[in-house]
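These are the residues of each chain, in order.
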Amino acid sequence: MKRILTIFTILLVTAGQIQAQNDSPYKTSTVVDGAIIIAGSGLSYYGLTLMQDKNGLTDEQIANLSKTDVNGFDRFSAGWDSESAKKTSDIPFYGSFALPFVALLNDNIGNKAGQVVVLYVETMAVTGALFTMTNGNAPRIRPLVYSPDVENSEKTRANARNSFYAGHTAAAASASFFAAKIFHDFNPDSNARPYVWAAAAAIPATVGYLRLRAGKHFLSDNLLGYTLGAAAGILVPQLHKKTNKTNFSLMPITAPNYRGALLTYSF
């Protein structure tokens, strides 16, 4: 635990030093970003305990399972359990985590490595907190549980109820879209930007498809994981972008029998 806190401290101090430089599109805060990282990490840990504390299915529940219990949108994949798809999914999944570090090879990004790493840690902390807290409180049965070829010992584990939503897909989307977002913002004139975004979209889509084939998640689980992961990967850097205008604006509204104001936030 002490080592983790030391790493966070070093990263946050680096970010505080870098934010004073004027050639970065982002502005970070040691206090605010540090608080978000610590809170996100804490919630991720707590959510993980909730996931592990779920009750597995009983033998009676397993015997009474029916694919017709699954909603029509997701039913087609109930019973899928490809072990090869599960193993293959690890390649793009773990590979996605390296993308932000690969982006550091770009001179514009590499010069702000400390700041980028802090934003990346913050992005993954937010993604982890959203996933584990949601999954920990939503015991949805995985598609593979409906397969007669899967051993009951696998179905009675707490992990059998961790289908909602797709954490692998969310994490891959978060890392991939974060890498694309920082490349986009640091290189406004680059012709490579469309290709970077296309790669960012394809990698988590591949992870999601393979996790679907593996029977780990239904299609709706993957779609939600992809959306939330991509949103975190884009929004965390976006909310740190420098701007010459105030994000909040207040506009008075008047009508014959009404007087008020409209508060808007733009980014």
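Below you will find a few notes about this structure. The structure presented is a predicted model; accordingly, all values stated were derived computationally and were not measured.

1. Some thoughts on the overall build of the protein
Line of reasoning, step 1. Scanning the protein from terminus to terminus reveals 10 helices and two strands.
Line of reasoning, step 2. The order of helices and strands in the protein, counted from the N terminus, is α-α-α-α-α-α-α-α-α-α-β-β.
Line of reasoning, step 3. Every one of the 267 residues in the protein was classed for burial, and the buried ones make up 42%.
Line of reasoning, step 4. For the protein, the proportion of contacts with a sequence separation of at least 24, taken over those separated by at least 6, is 77%.

2. Let's talk about the nonpolar core
Line of reasoning, step 1. The biggest cluster of nonpolar side chains holds 12 residues, and these are Tyr26, Ala103, Leu104, Ile109, Val116, Leu119, Tyr120, Ala175, Phe178, Ile182, Phe183 and Phe186.
Line of reasoning, step 2. At the level of elements, helix 6 (113-136) and helix 8 (167-186) are the ones that each hand at least two residues to this core.
Line of reasoning, step 3. Counting residues per element, this core draws most heavily on helix 8, which supplies five residues.
Line of reasoning, step 4. Excluding residues within four positions of it along the chain, valine 116 makes contact with Leu104, Ile109, Phe178, Ile182 and Phe186.
Line of reasoning, step 5. Counting residues in each nonpolar core, the second largest holds 11 residues, with Ile62, Val145, Val150 and Ala160 among its members.

3. Section: helix 9 (residues 193-213)
Line of reasoning, step 1. In this model, helix 9 (21 residues) spans 31 Å end to end at C-alpha, consistent with the 30 Å of a helix rising 1.5 Å per residue.
Line of reasoning, step 2. Of all the positions in helix 9, only Arg193, Ala200, Pro204, Val207, Gly208, Leu210, Arg211 and Leu212 are classed as buried.

4. A few points about unusual backbone geometry
Line of reasoning, step 1. The omega torsion of the bond from phenylalanine 164 to tyrosine 165 falls at -5 degrees, within 30 degrees of zero and hence cis.
Line of reasoning, step 2. With respect to the helices and strands, the residue tyrosine 165 is situated in the loop between helix 7 (152-155) and helix 8.

5. Considering the environment of serine 66
Line of reasoning, step 1. If you trace the backbone, serine 66 turns up in the loop between helix 3 (59-63) and helix 4 (83-103).
Line of reasoning, step 2. Separated by 13 residues in sequence, serine 66 and glycine 79 place their C-alpha atoms 10.0 Å apart.
Line of reasoning, step 3. Engagement of the side chain of serine 66 in a polar contact is seen with the side chain of threonine 68, the distance being 2.7 Å.

6. Considering the side chain of aspartate 221
Line of reasoning, step 1. Secondary-structure assignment places aspartate 221 in helix 10 (residues 219-238).
Line of reasoning, step 2. Residue aspartate 221 is classed as buried on the basis of its relative accessible area of 0%.
Line of reasoning, step 3. Of the polar contacts made by the side chain of aspartate 221, one reaches the side chain of serine 163; its length is 2.5 Å.

7. Overview of the packing of aromatic side chains
Line of reasoning, step 1. Enumeration according to the criterion identifies 11 aromatic pairs in this entry.
Line of reasoning, step 2. Ring plane angle 85 degrees and centroid distance 6.0 Å describe the contact between phenylalanine 164 and tyrosine 165, whose orientation is recorded as edge-to-face.
Line of reasoning, step 3. Look at phenylalanine 164 and you get partly exposed, because its relative accessible area is 25%.
Line of reasoning, step 4. Relative accessible area serves as the criterion here: at 1%, tyrosine 165 is assigned to the buried category.

8. Here we look at the side chain of threonine 169
Line of reasoning, step 1. Tracing the sequence through the fold places threonine 169 in helix 8.
Line of reasoning, step 2. Residues within four places of threonine 169 in sequence aside, it is in contact with Pro204, Val207, Gly208, Asn222, Gly225 and Tyr226.

9. Notes on the packing of helix 4 against helix 9
How two helices pack is summed up by the angle between their axes together with the distance between the axes.
Line of reasoning, step 1. Relative orientation of the contacting elements helix 4 and helix 9 amounts to 155 degrees, with a least axis distance of 8 Å. By the criterion of interaxial angle, the relationship of helix 4 to helix 9 is roughly antiparallel. Where helix 4 crosses over helix 9, the two elements pack in a sense that is left-handed. Contacts from Ala85, Lys86, Thr88, Ser89, Pro92, Phe93, Ser96 and Leu99 in helix 4 reach Ile203, Thr206, Val207, Leu210, Arg211 and Arg213 in helix 9.
Line of reasoning, step 2. When its residues are assigned to classes, the contact of helix 4 with helix 9 shows seven nonpolar, four polar and three charged.

Parameters at a glance
Residues numbered from 1 in each chain as written. Predicted model: local features only at pLDDT ≥ 70, side-chain atom pairs only at ≥ 80, totals over all residues. Heavy atoms only, no water. Helix = DSSP H or I, 4+ residues; strand = E, 2+ residues; numbered from the N terminus. Buried < 20%, exposed > 50% of the residue type's maximum accessible area, 1.4 Å probe, protein only. Contact = heavy atoms within 4.5 Å. Core = buried A, V, L, I, M, F, W, Y, C linked by side-chain atoms within 4.5 Å. Expected span 1.5 Å × (residues − 1). Polar contact = N/O pair within 3.5 Å; in protein donor to acceptor, adjacent residues only side chain to side chain. Phe/Tyr/Trp six-rings, centres within 6.5 Å; stacked < 30°, edge-to-face > 60°. Axes fitted to C-alpha atoms, helices over the stretch in contact; angles between N-to-C directions. Parallel < 35°, antiparallel > 145°, perpendicular 65-115°, else oblique. Left-handed = near helix turned anticlockwise from the far one by under 90°. Nonpolar A, V, L, I, M, F, W, Y, C, P; charged D, E, K, R; others polar.

In short, shape yes, function no, at least from these values alone.
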